Every structure is written in C-alpha cells, then in structure tokens.
Amino acid sequence: MGYKLRIYLSFALMGIGITLSEPEHPNQVVLLDTTSVLGELGWMTYPVNGWDAITEMDEQNRPIHTFQVCHVMEPNQNNWLRSSWIARQAAERIYVELRFTLRDCNSIPWVSGTCKETFNLHYLESEESHNHFRPADYAKIDTVAADESFTQTDVGERVLRLNTEVRELGPVRTSGFYLAFQDVGACIALLSVRVYYKKCPSTLRNLAAFPDTVPRVHSSALVEVRGACVQNAEERDTPRLYCSADGDWLVPLGRCVCSVGYEESDGLCLACKPGFYKAFAGNIKCSKCPPHSYSYTEASALCHCEKGYYRATKDPPSTACTRPPSLPRNVVYIMNETALFLHWAPPSDAGGRKDLTYNVLCHRCGGAGQVCQPCTSDVRFVPPPVGLTRTSVAVLDFVANANYTFQIEAVNGVSGMGGAARQMANITISTEQAGPSLVGTVKKDWSTQNSMALSWQEAEQPHAPILDYEIKYYEKEHEQLSYSSTRTKVPSAIVTGLKSSTVYVFHVRARTAAGYSSYSPKIEFITGDDDSEEVSDQGQVLVIVTAAVGGFSLLVILTLFLLITGRCQWYIKSKMKPQDKRRTQYQNGHVPFPGIKTYVDPDTYEDPSQAVHDFAKEIDPSRIHIERVIGAGEFGEVCSGRLRTPGKKEIPVAIKTLKGGYTERQRRDFLREASIMGQFDNPNIIRLEGVVTKSRPVMIVVEYMENGSLDSFLRKHDGHFTVIQLVGMLRGIASGMMYLSDTGYVHRDLAARNILVDDNLVCKVSDFGLSRVLEDDPEASYTTTGGKIPIRWTAPEAIQYRKFTSASDVWSYGIVMWEVMSYGERPYWEMSNQDVILSIEEGYRLPAPMGCPIALHQLMVHCWQKERSRRPRFHDLLSFLDQLIRNPSSLLTLVEDVHSLPESPEDLPDYPLFISIGDWLDSIKMSQYKNNFIAAGYTTLDSISTMNIDDVRRIGVSLIGHQRRIVSSIQTLRLQIMHIQQNGFHV
Ligand code: ACK
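Reading the values: rules and limits
Residues numbered from 1 in each chain as written. Predicted model: local features only at pLDDT ≥ 70, side-chain atom pairs only at ≥ 80, totals over all residues. Heavy atoms only, no water. Helix = DSSP H or I, 4+ residues; strand = E, 2+ residues; numbered from the N terminus. Buried < 20%, exposed > 50% of the residue type's maximum accessible area, 1.4 Å probe, protein only. Contact = heavy atoms within 4.5 Å. Areas by Shrake-Rupley, 256 points an atom, 1.4 Å probe, with all protein chains shown as cover. Phe/Tyr/Trp six-rings, centres within 6.5 Å; stacked < 30°, edge-to-face > 60°. Lys NZ or Arg CZ within 6 Å of the ring centre and 35° of its normal. Pairing = 2+ DSSP bridges. Axes fitted to C-alpha atoms, helices over the stretch in contact; angles between N-to-C directions. Nonpolar A, V, L, I, M, F, W, Y, C, P; charged D, E, K, R; others polar. Near = heavy atom within 4 Å. Polar contact = N/O pair within 3.5 Å; in protein donor to acceptor, adjacent residues only side chain to side chain. Disulfide = S-S within 2.5 Å. Patch = residues over 30% accessible without salt bridge, like charges linked within 9 Å, V, L, I, M, F, W, Y side chains within 5 Å. Salt bridge = Lys/Arg side-chain N within 4 Å of Asp/Glu carboxyl O. Expected span 1.5 Å × (residues − 1). Parallel < 35°, antiparallel > 145°, perpendicular 65-115°, else oblique. Left-handed = near helix turned anticlockwise from the far one by under 90°. pLDDT = per-residue confidence, 0-100. Core = buried A, V, L, I, M, F, W, Y, C linked by side-chain atoms within 4.5 Å.

Undergrad: I'd like a rundown of the overall build of the protein chain, residues and numbers included.
TA: The secondary structure content of the protein chain amounts to 19 helices and 53 strands. Looking at the protein chain residue by residue over its 987 residues, the buried ones come to 48%. Long-range pairs, those at least 24 residues apart, make up 64% of the contacts in the protein chain between residues at least 6 apart in sequence. Carbon and sulfur atoms make up 51% of the accessible area of the protein chain, which totals about 48,400 Å².

Undergrad: So what's going on with the packing of aromatic side chains? Residues and values would help.
TA: Under the counting rule described, the total for this entry stands at 31 aromatic pairs. Measuring from centroid to centroid gives 6.3 Å for Phe381 and Phe406, while their planes differ by 85 degrees, and the two rings are edge-to-face. Here the residue Phe381 occupies a position in strand S31 (residues 380-382), and Phe406 occupies one in strand S33 (residues 403-411), the gap between them amounting to 25 residues. Here Tyr599 and Phe680 contribute two aromatic rings whose centre-to-centre distance is 6.2 Å and whose plane-to-plane angle is 35 degrees, an arrangement assigned as tilted. Note that Tyr599 is positioned in the loop between helix H4 (578-586) and helix H5 (608-615) and Phe680 in the loop between helix H6 (664-677) and strand S48 (688-692), a separation of 81 residues in sequence. Side by side, Tyr599 and Phe680 carry an identical accessibility label, which is buried. Counting every residue linked through ring pairs, the aromatic cluster contains Tyr599, Phe680, Tyr739, Tyr745 and Phe768. Lying over the aromatic face of Tyr95, Lys198 brings its terminal NZ or CZ to 4.6 Å of the ring centre. Over the ring of Trp793 we find Arg753; its NZ or CZ atom is 4.1 Å from the centre of that ring.

Undergrad: Could you give an account of the sheet that holds strand S35 (residues 439-447), naming the residues involved and the relevant values?
TA: With respect to topology, 3 strands assemble into an open sheet ordered S35-S36-S39, the strand pairing being antiparallel. Of all the strands in the sheet, just S35 and strand S39 (492-495) have a single pairing partner and so form its edges. Going across the sheet, the axis of each strand differs from the next one's by a mean of 25 degrees, ignoring polarity. When S35 meets strand S36 (residues 452-458), the two strands line up antiparallel, connected through 6 bridges. Note that in S36 the partner of Val442 across the bridge is Trp456.

Undergrad: Please give an account of the packing of helix H11 (residues 806-821) against helix H14 (residues 874-886) that cites residues and values.
TA: Close contact between H11 and H14 brings their axes to 10 Å; oriented N to C, the two are set at 35 degrees. Taking contact as the criterion, the partners of Ser806, Asp809, Val810 and Tyr813 in H11 are, on H14, Phe874, Leu877 and Leu881. A class-by-class count of the residues in the contact of H11 with H14 yields 5 nonpolar, 1 polar and 1 charged.

Undergrad: Tell me what's going on with the site of the ligand, and back it up with residues and numbers.
TA: All residues in the neighbourhood of the ligand are listed as Ile630, Val638, Ala654, Val702, Glu703, Tyr704, Met705, Gly708, Ser709, Ser712 and Leu756. In this structure, a nitrogen atom belonging to the ligand sits 2.9 Å away from a main-chain N or O atom of Glu703. Between an oxygen atom of the ligand and a side-chain N or O atom of Ser709, the distance comes to 2.4 Å. Here the ligand loses 75% of its free accessible area of 450 Å² to cover by the protein chains.

Undergrad: A description of the state of the cysteines should follow, citing residues and the corresponding values.
TA: Going through the model one piece at a time under the given rule, you end up with 9 disulfides. Here Cys105 engages in a disulfide with Cys115; their sulfurs sit 1.9 Å apart. On the sign convention where negative means left-handed, the S-S torsion of about -85 degrees between Cys105 and Cys115 marks this disulfide as left-handed. Here the residue Cys105 occupies a position in the loop between strand S7 (94-102) and strand S8 (118-126), and Cys115 occupies one in the loop between S7 and S8, the gap between them amounting to 10 residues. The class for Cys105 is buried, based on a relative accessible area of 12%. The disulfide partner of Cys258 is Cys269, and the S-S distance across this bridge is 2.1 Å.

Undergrad: Lay out the sheet that holds strand S18 (residues 228-229) in plain terms, naming residues and giving numbers.
TA: Spatially, S15-S16-S18 is the arrangement adopted by the 3 strands of the open sheet, whose pairing is antiparallel. Looking along the sheet, the strands with just one partner apiece sit at the ends: strand S15 (203-205) and S18. In this sheet, strand S16 (residues 208-210) lies alongside S15 in antiparallel orientation, the contact comprising 3 bridges. By the bridge assignment for S16, Thr203 is matched with Phe210.

Undergrad: Hey, could you go over a nonpolar patch on the surface for me, with residue numbers and the actual values?
TA: There is a patch of nonpolar side chains on the surface, built from Leu222, Leu250, Val251 and Leu253 and spanning about 280 Å² of accessible area. Turning to its location among the elements, Leu250 is positioned in strand S20 (residues 249-258).

Undergrad: An account of helix H8 (residues 723-743) is requested, with residue identities and associated values reported.
TA: Given a rise of 1.5 Å per residue, 21 residues ought to cover 30 Å, and the 30 Å separating the end C-alpha atoms of H8 matches this to within 8%. Downstream of H8 by one or two residues, Gly744 has phi in the positive range, about 90 degrees.

Undergrad: Could you give an account of the side chain of Asn412, naming the residues involved and the relevant values?
TA: Of note, Asn412 is situated in the loop between S33 and strand S34 (425-430). Here Asn412 falls in the buried class, since its relative accessible area comes to 5%. With near-sequence residues (within four places) excluded, Asn412 lies in contact with Arg323, Pro324, Pro325, Ala350, Gly351, Arg353, Asp355 and Leu356.

Undergrad: So, the side chain of Gln963: which residues are in play, and what are the values?
TA: Mapped onto the secondary structure, Gln963 falls in helix H19 (residues 960-983). With near-sequence residues (within four places) excluded, Gln963 lies in contact with Ile949, Val952, Arg953, Val957 and Ser958.

Undergrad: Pulling in residues and values, what's your account of the pairing of strand S5 (residues 79-82)?
TA: Side chains of S5 alternate between two faces, with Asn79 and Leu81 and Trp80 and Arg82 buried alike. Sheet analysis places strand S2 (residues 44-46) next to S5, joined by 3 bridges and oriented antiparallel. Residue pairing in the sheet places Met44 in a bridge with Arg82 of S5. Relative to strand S13 (residues 176-183), S5 runs antiparallel, the two sharing 4 bridges.

Undergrad: Kindly report on the packing of H8 against H11, identifying the contributing residues and their values.
TA: It is the contact of H8 with H11, at a shortest axis distance of 11 Å, that shows an interaxial angle of 165 degrees. Relative to H11, the element H8 is oriented roughly antiparallel. Here the hand of the crossing between H8 and H11 comes out right-handed. Of H11, the residues touching H8 (which contributes Val723, Leu726, Leu730, Arg731, Ile733, Ala734, Met737 and Ser741) are Ser806, Asp809, Tyr813, Val816, Met817, Val820 and Met821.

Undergrad: Go over the confidence of the model for the protein chain, please, and point to the residues and values.
TA: The predicted coordinates of low-pLDDT regions are not to be read in fine detail. Per-residue confidence for the protein chain gives a mean pLDDT of 81, with 81% of residues at or over 70. Low confidence marks residues 531-578, where pLDDT is under 50. Its contacts with residues over four positions away, or in another chain, come to 67 contacts. Counting contacts from residues 980-987, a segment whose pLDDT is below 50, to residues more than four positions away or on other chains yields 11 contacts.

Undergrad: Let's hear about helix H13 (residues 854-863): which residues, and what values?
TA: Counting buried residues in H13 gives 10 out of 10 residues, a clear majority hidden from the surface. When we look at burial in H13, the residues that qualify are Ile854, Ala855, Leu856, His857, Gln858, Leu859, Met860, Val861, His862 and Cys863.

Undergrad: I'd love a proper account of the pattern of salt bridges, names of residues and values included.
TA: Two side chains of opposite charge can pair, provided their charged atoms sit close to one another. Enumeration according to the criterion identifies 34 salt bridges in this entry. The salt bridge partner of Asp142 is Arg167, with a shortest N-O separation of 2.5 Å. Of the two residues, Asp142 sits in strand S9 (residues 139-145) while Arg167 sits in strand S12 (residues 163-169), which places them 25 residues apart along the sequence. When the shortest N-O distance is used, the salt bridge between Lys764 and Glu703 registers 2.9 Å. Taken as a pair, Lys764 in strand S51 (residues 763-765) and Glu703 in strand S49 (residues 699-703) lie far apart in primary sequence, 61 residues in all.

Undergrad: Could you give me a rundown of the nonpolar core, with the residues and numbers involved?
TA: In terms of nonpolar packing, the biggest core is built from 105 residues, with Leu710, Ile733, Trp920 and Phe933 touching the most fellow members. It is H8 that contributes the most residues to this core, 10 residues altogether. Formed by 32 residues, the second largest nonpolar core is a distinct cluster that contains Ile86, Tyr123, Val144 and Ile188.

Below, the structure written as structure tokens:
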C-alpha cells in the first residue's frame, strides 16, 4: 500500500509540473532551502519506516528531495522527520515555508477512521548538531493543514494541489536549531522546506548608502539606520531610514547632495565632464561652460576665462566672461557763454556687459610749454564726471583763454582687470571765446537770516564797458543739484530768499559786448552770521534761537521786532503832554512799544507827591471798609476790606497802610509804589484802586487777590495742580512782565513771593518800588557793590555790576518758573548765597524740578544764559508758553524720562558733593529723615543715587513736599556722580 501511494504521489508531483526553485527574495536571508541542496539532506526519520525520503532528478539533473508518509490505514501513527541542524546566523525571528501536498481522506478508498489530514511542525533550539532525537525535547510550532487537497476539475478528474504554508518561530537565541515534522496518520508529500529570516537589504537612497539591517524581534519597533553619503556627495541633513519588521525600508529622512564638480546619476555622484562645471553642491546638473570660458579637466567647479576676458568680483560663475569696453566714439562739444557740453557715442564694443559708465578727466593746458595740469575743483561738472551713465556732461566755471583736454573713458565691471592700460578718447578745447575774468574777490557786506549783501571790485581796465554782472549762487550742501542767479548793473547786490544759517557759494562774472568774462573765484558765506547791531543797521532783526538739551531740540523763539524810526519818534514827541515828555526824558534809552505808555520813574519828579497825584486817584477814606489784617509789610499792616464807589458795585480790596510815626522819606518811599503801579493797566499787573494821602493813615488800595502770594499758595497746595494749570500761571506772569518790559519798567525783584494769585488762579505781578523794594525784601542781601539784591533770583550781571534790565528780569522769571514747577521750593535750597553765586559762575544751573516737562526746564535754562542778549524776551516766553498750552503733548516728556547726561557742563547743575547721607540731608534741611535712611540701609551717596519717589515714600517720608525735595536733590546728585565718573571732579 505504501509503495502504491509513493508512485501515485510521485506521479502527481510530476503531473502538476511544480518548479520548486523560487525567485530570489531580496529582503530574505535563506538559512536552508531543500530545493537547492545538491547532495544528501541528512534528515532523520523515527521510526525508520515512518517518513520515506525520496530523491528524484529534474530535467536539469538536479535532485528533488521529497519526504512522504501515508500510513492512513493503520492506527496510532507517530512518525517523525527531523531536519539537519540549521545555523541561525543573524536571525532572531525565523520563517519556515513548507510546500506539500496532502490527500484528503475521502479521496482514498477503503480508508478507515484512522486517516488524518494534518501534521505537526516542531523545533528545538540547539547550540550544535547532535545525533540523538527525543521528541519530547521539541516545542510545537503549529498544526499544519492543507488549504487545498484535491479539487474537482471541469472534466471530473481529481488533481493534486500544492500547498504552501509559512510559520514563524523564535526568537531563537542559540546558534542553531532543528525542525521536526510529526505525522499522525496523514498522506503527505513534503516537497520543499525553506527556512529564512528577514532583513532590510542594503540600499542607496538620496545619495546615501544604508547597510543590511536585521529588524527587531518585536515587529512594531523600527530600527533607525543612518546612511553614509556616497562618494563625492555631502550631507545636507543627516540621511536616515527606518527598517520595519518585514524587511522594508520606511520613512526616508535627510539627504546627501553631489559636491561641487559632481552631478547625480543613478544614485551616484559622477564628475562633470571637461567643458562642463558645477559651482555649487546640490542636486543640479553640470552646466556647459558659459561663453568665453573653458574647463579642461573633469569635476570642474568653475570654467576659466579665455585670455583677455574676465569676470568681475560680483559676477556669478554662470555669467559669460567679458572684457573692458572699447573707446567712446565721436566725442564732440558745444560751448555757449556759460557752459561747455561734451557729447560722445557709446563704444562699439561694450565688452559683453551692461554696467557701462563713463569717466571724464579734465586737464587744463596753458602757457608756452603747454604743460597740462589736472583741473582744479573750480571747474564743475554737471552731473559729476565719475560714473556717468549718460553720454554727455556739462562743464561749468572753466577759465577763459585756456586749453582744456578732456579724456573720456568708458568703463565696465571688468575695466582695469588683467593690468591692461586705460583707453581714453581725448578732446582738446580752447575757451578763448569766453572773456577774461573782470571781477575781483567778492565780499559780504552784511547778511540777515534770509538775505545777503555782496560787493566786488571790477577789473581796473576792462576791454569794453561792463554791461552787467551775473551772480551765481547755490547752497553748498546741494552743490551740483541746482543753482540760482541774479543780475545787477552795479558791482554789488543784495541776494534775497536765502535759507537761514546756510552756507552758500557765490561767484560773479561780468558781461561786456564781447560776451561773458570768466567767473570770479568761488566764495562761501553763511546766512545770518552777523551780530545784531550790524544787522539792525539794516532796519530789521530776525532772531531765532534754538535750544537743544539732552538730545531734545526745541524751537524756542521767533520774534520780529520793528524798531521805531526817528521819524516816528519825532511824531510821538510832537504830540506829547508834559508827563509824556518826562517819559521820553527819563526812559533811559527804552523804546516804547506801540500803544503802550512808557513808564515814568517817580524819582525823576522834583516833588514826589506830584507823581502820586499824576498816577494815583485819591480815595475818600469813608469809601474804604477795613475788615481784617492779612499780613505785615515793611511800612505797616496789610489789611483786606471793601471799597465802595458811587454808582458801582462794592469790590474787595487789599489795603496797605503806613504806620504812624513815619518820616517824610518813609512816606515818599511808601507812596512811590502807588506812583508806579498807577501807571500800569494790565490784567496781570496788580491794579491800583487809589491812595489815601490826605488823611491818616496813609493807605494804598489795590485789588484783592484771594489766594495771596504765589509762593505760599503753591506750598500750601503742593502737587495739587496739573502741568497745564501751572503753565497757565506762568503764562500770566510772563504776560504781565511783557507788559512791564514794553513800558520800559524793570522790576528787579521778580519772585514768586511778589506774585499774587486770585481765586481763578490768575497771577499778577506786584511789589513795585524800584531799588527801594529791595530794601523791603527779606531775600535781598547786600552785595560787594553796595546794593541789596535777592541773590537767588538775580542775574549775574545785576549782582556784579547792577546791570538791571528786562533781560535780568527774564533771569528772575526763569527762577519763578522753577519755583512754580517745584511748588514753592526754595531756589538752590539751603545753599549759601555765596555758593549760589559761585556755582552760577561755574556754569551750573538749577536742575528740573520733579515732574517738570523737559520743555519747561529747557526754557528756564534758556532764561539763565550768562550772555544776557541770548536770553529770550518776555514776548518770546509768552509765545512759547502759548504754544505749549496749545500743544499739551509737548509737555508729556518729563525730565525723569530722560536719563542721558546733559550735553555740556553748562547744562549740568552742580552742588557741593556732600560726603555723608547726614551732611546731604542737612544741606537740604531734611535732617529729620536721617534715621529713616539709615534704618532702610542707605548709608552711602552711591546707594541713594538710584532711589525714586516710591523708595523715598517707603522709607517713611510721607509729606509730598519733602519727598519732592529729596528726590529732586537725589537727581542732582546722580548727575553729579555720573559726571564725575565720566569727566572727573569738575568744581
Ligand atoms: O501770602 P499772603 O497771604 O499774601 O500774605 C501777604 C501779605 O499780604 C503781606 O504782603 C498779602 N497781600 C498783599 N497784597 C495782597 C492783595 N492785593 N490781595 C490779597 N493779599 C495780599 C500777601
């Protein structure tokens, strides 16, 4: 029976025409393939009569090893077939592919229930091959059944079908293993066994090589593999691939690119052939050498230029090699009276480039020897003669009667390369046509900001009468761009419409019947550089002052003053009353402002009571109702009360009284204030209601100002006002002072204590009394020159030599500004008068109070200019303050926002550099806070220099005025410390 079956199976195998050799699988490494074993397989069977080994030959005479078993009629079959030892190699997970046929039991006649249709596959791990066989040692892999056994064909024949089954085993850790096939009573023909493991086969991807890689046992984990660039390639991003459990490469990342001189071909980098180049690494192909270049070797990065051809430094390697242009052609010129125009045609060969420009060189040739010298800068070219892009140029200001040689050269990006000589087209031109220079040096007679008067000498003996002169001028900064000209018949001219503070270049030439002479030498003048006296001779003055402090610049003042002419003064005099005549007699050079009466000094009256009579109304004391005493003055009490005027509303008034027992001189001095005040009529000057002189007590009655004097008012309301409100107060004071200065009155004691404030915050100037008032002022102290002066408020020239002017009032106004912005702080704190004078002399000025807009501090500093003529006038101050009020945003930048150092020491306030915190606090009268500072750990000046108002508050200084005083002083110290660090100790 067994034999019959064998024949049958064998026949069937041939009949189905199976070719057992399979195509190569690139991602499989075969450990055993029974179809390719040429000799004995060496497999063992247990029992020996169980499985049957049959070896037949195929057409190519190669052995076909098969194993058959078919004991279907006998029960209890247990037949084992064991393979030879199979080396594991690099495998971990192993695949076994079985090809077999299996007869279904129904197809075999007479079989009993013992017939089976499956067999079992087992394996055993083993380090080496051995001969013993114990089925119990083997681990079962699977029971294998046939997918297809016999199938019915169309014609009713039964055909044996081939089954292919693959099973996995592993991971195997030993160096080899055995397979075993257990038959339990089936009819099987095992035709081939192929054992393999999977790998990701070595590959080239993105110009990188990846080696053979065995996947991980756990099929989900990928193996990351780094590739190596192929020869002549370089990495762009690290090339990587991932090896999957099935032996497939996944997720290519990164890449290599072919190096310079190499291009990609079939996954490799091959050298560029001669005549080609590749200048950059990358996946681009080699390019043919551009025109006029060559490469003789393989793998060229660049093609070299042929002889006489070049590449400019910025030319890319892909551009053709080029050469310098040929000469410009057909140079011609046209000369008119003023200019010479050179024209030429472009060169016939631009050298293969588009960056063609022209240079024109000029030589002046003259004299017997015909020596040529390069032209001086007097000869102008329009446009400039270097790098011309068009083929013409105008030549101006050449000298008459000379020969000029112009050399025109065409230039491109490779001109001058290869050391070739420059080639120029020459043209020589005689300027004989132009007349001789008939004009001598031009001089400036005077200038204003916008005009200039010039004059010059004409040639002593012109060949022909001079018809006129042409003055040519242009802004020096914009030379070559444009120029202007004007004509005159006389050898002088006033040039108008100029820009202020601008340098202009002038030159002049004459015209005779023969044509133009050449130009006079050029001369530069700046507008507005004359001093004011010189300019005011011309009848008008235009003053522009620009302040720039700490990097901020500000147009401060623009004022036009018309001086009254002599004729005007004559007219005024002829219409004058006697007291007006006195005005002119004593006005001490003051020029009255139109519409405003000149102030008359009461001291010029022989009888001072006449002055009172002239300027103040006598009030019947019965009209005055005194209510209370509000203060004490030098001469007596100051009271508040009411004044009745028949037919008018009762008004509140302040009444100054002259206490009993006064001398005649005291009476005169007391009443002189009324004589002065009575002359003024302005909303920002305290108004005189009248005087009581004919009864006792002598009184001066003025309008009542609800808020009293400005200094104490501000101190009482420290920090209560907006900047705009403060500026509004300053504006009122400036307006009152402008009025006073227009009348010719110099206050001499302008200070916040002498300003009164009403209940609408309107500020009015008060306390008039000329030098006498200083006697009353507790701030005034005697100077070396004998007078009594309020040092902190007074300009240096007034302190030094009693030069009191409206300009010294402006200085005081600056101090008032500082008082206002610091809410009544004492100027220069507790510094001694002597220290104040010294520090002012050294050039230092009060720093900005805290919270002070920089524009206002700049204005203060402007008022404190040593040179009094440079200080603004009250008109300027008023218009500037008006501008600030109109543009409140200009007040937003506070001094605290600007941390840079002042630009010059003149801008830097300086006070004694105190050595200890205690000394410092003493000096600013804040000694009571010594312990607060020490308790908070502030022991050195350096340590306090960074404190701000919050820090000061935090250490326990609760009064706003004190916080302000301390922080303001810290600010000054900070500047001093920084200045000393940068410049050394200054004082
Ligand atoms: O600061 P005060 O309140 O304002 O105290 C002084 C004091 O008199 C002595 O000068 C006050 N004072 C002076 N003139 C006037 C005035 N016209 N209206 C209101 N108070 C005045 C000043």
